[in-house]
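These are the residues of each chain, in order.
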Amino acid sequence: GAVVSQHPSRVICKSGTSVKIECRSLDFQATTMFWYRQFPKQSLMLMATSNEGSKATYEQGVEKDKFLINHASLTLSTLTVTSAHPEDSSFYICSASSFPEQYFGPGTRLTVT
Amino acid sequence: QKEVEQNSGPLSVPEGAIASLNCTYSDRGSQSFFWYRQYSGKSPELIMSIYSNGDKEDGRFTAQLNKASQYVSLLIRDSQPSDSATYLCAVKGAGGSYIPTFGRGTSLIVHP
């Protein structure tokens, strides 16, 4: 199957700082990428969908000014968590579409202290 | 609202048995169906995709699709303790829709 990488795998930051997470499709071009968040023992929650070269579409309840998504190329999307707070601590997972299938990155565990 | 329903489990089976995981969906126009495996603390991994009615086999895994009943299942033969994980069902609609709807997952425990 297709490979999606994500960096960093784990990050600890202080409250009020910003964190950038990168998602790359390594062996295919992904017109569409997705960002999910998952809290412990809970299901995946779609945060936003991004298409290369256009603005991301955010799910209801997700603050677009807090979670900045950039999809500058067919192989790279970034999620920046701005002014992070402890309640933003979660497992963030990106996914890239090689239509019709969708492949997930390994995830980034964010801890905000 | 498109819905994908799965029994949360846990489903507990002995090693060597067949594990049967089920999923129903509400959008009758759905075209693409996927099963993902997610180990605790890890991201989901695509294990099967199925697009037409009937069975699709890949190693110990068999996906079964019945569009008339809006039902998709995953059978795991000769279950191993390493199969213990949460299994997510995902469904994509018609018309080139690219946003899948995920079920909440079924927890499978294979005990020795």
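Use the structure listed above.
Every chain is numbered independently, its residues counted from 1 as its sequence is written. The lettering of chains begins at A and the numbering of ligands begins at 1, in the order of writing. The model is predicted, so local features are restricted to residues of pLDDT at least 70 and side-chain atom pairs to those at 80 or more, both for listing and for counting; the totals for chains, interfaces and linings are taken over all residues. Where side-chain values are given, they derive from all heavy atoms of the structure, hydrogens and water being excluded.

K.L.:
Can you break down the interface of chain B and chain A residue by residue, with the values?
P.N.:
When the parts of a complex come together, some accessible area is lost, and that lost area is often taken as the interface size. On the side of chain A, 22 residues touch chain B, which itself brings 20 residues to the contact. Take the accessible area each of two parts loses on contact, using a 1.4 Å probe, and add the two losses: that sum is the buried area. Buried surface at the junction of chain B and chain A, both sides included, amounts to about 1,500 Å², of which 59% is carbon and sulfur. Polar contacts, as used here, are pairs of N or O atoms within 3.5 Å; protein pairs need one atom able to donate a hydrogen and one able to accept it. Residues neighboring in sequence count only if both atoms are side-chain atoms. On inspection of chain B and its partner chain A, the count reaches seven residue pairs in polar contact (both at pLDDT 80 or more). Secondary structure elements are taken from DSSP: a helix is a run of H or I of four residues or more, a strand is a run of E of two residues or more, and numbering for both begins at the N terminus. The set of elements that each furnish at least two residues to the side of chain B that touches chain A consists of β4 (32–38), β5 (45–50) and β9 (85–92) of chain B. Looking at the side of chain B that touches chain A, the element that brings in the most residues is β4 of chain B, giving four residues. Classification used: nonpolar for Ala, Val, Leu, Ile, Met, Phe, Trp, Tyr, Cys and Pro, charged for Asp, Glu, Lys and Arg, polar for all others including Gly. Here the residues of the side of chain B that touches chain A sort into 10 nonpolar, seven polar and three charged. Between two residues, a contact is recorded if the distance between any of their heavy atoms is within 4.5 Å.

K.L.:
Give me the lowdown on the pattern of salt bridges, citing residues and values where you can.
P.N.:
Oppositely charged side chains are able to pair whenever their charged atoms sit close together. Criterion for a salt bridge: a side-chain nitrogen of Lys or Arg within 4 Å of a carboxyl oxygen of Asp or Glu. By the definition in use, this model includes five salt bridges over all chains. A salt bridge links Asp88 of chain A to Lys66 of chain A; the nearest nitrogen and oxygen atoms lie 2.9 Å apart. Here the residue Asp88 of chain A occupies a position in the loop between β8 (76–81) and β9 (90–98), and Lys66 of chain A occupies one in the loop between β6 (57–58) and β7 (67–73), the gap between them amounting to 22 residues. Each of the two residues, Asp88 of chain A as well as Lys66 of chain A, counts as buried. For the salt bridge of Arg37 of chain B with Glu45 of chain B, the shortest nitrogen-to-oxygen distance reads 3.0 Å. Each residue is assigned to one of three classes by its accessible area relative to the maximum for its type, calculated with a 1.4 Å probe on protein chains only: buried under 20%, partly exposed between the two thresholds, exposed over 50%.

K.L.:
Residues and numbers for the sheet that holds strand β6 (residues 54–58) of chain B, please.
P.N.:
All names here are of chain B. For two strands to pair, DSSP has to find at least two bridges joining them. With antiparallel pairing, five strands are arranged side by side in an open sheet as β1-β3-β8-β7-β6. This sheet does not close on itself; its edge strands, each paired only once, are β1 (4–5) and β6. In the sheet, β6 pairs with strand β7 (residues 61–66) via five bridges, with the strands oriented antiparallel. Bridge assignment links Gly54 to a residue of β7, and that residue is Leu65.

K.L.:
Can you lay out unusual backbone geometry for me, pointing to particular residues and giving the numbers?
P.N.:
Most peptide bonds take the trans configuration, and most residues that are not glycine carry a negative phi. All names here are of chain A. Put simply, His7 and Pro8 share a cis peptide bond, and its omega is 0 degrees. Cis geometry marks the peptide bond from Phe99 to Pro100; its omega dihedral reads 5 degrees. Mapped onto the elements, Pro100 comes out in the loop between β9 and β10 (101–104). A positive phi angle is found at Ser83, which is not glycine, with a value near 45 degrees. Structurally, Ser83 is set in the loop between β8 and β9. Ser83 sits in the partly exposed class, given a relative accessible area of 33%.

K.L.:
How would you explain the sheet that holds strand β3 (residues 19–25) of chain A if you had to name every residue and give the values?
P.N.:
Residue and element names in this part refer to chain A. Spatial ordering of the open sheet is given by β1-β3-β8-β7, a layout of four strands whose pairing is antiparallel. Edge positions in the sheet fall to β1 (4–7) and β7, since each has one partner strand and no second. Taken pair by pair, the neighbouring strands of this sheet meet at an average axis angle of 15 degrees, ignoring direction. Strand direction decides the pairing type here: β3 and β8, joined by six bridges, are antiparallel. By the bridge assignment for β8, Val19 is matched with Val81. Note on method: axes are straight lines fitted to C-alpha atoms, helices fitted across the in-contact stretch only, with angles between N-to-C directions ranging 0 to 180 degrees.

K.L.:
Please set out the pairing of β9 of chain B residue by residue, giving values where relevant.
P.N.:
Along a regular strand, successive side chains alternate from one face of the sheet to the other. All names here are of chain B. Buried residues dominate β9, accounting for seven of its eight residues. Bridging between β4 and β9 involves seven bridges; their strand directions are antiparallel. Paired with Trp35 across the two strands is Cys89, which belongs to β9. Bridge count for β9 against strand β11 (residues 106–111) is three bridges, and the pairing is antiparallel.

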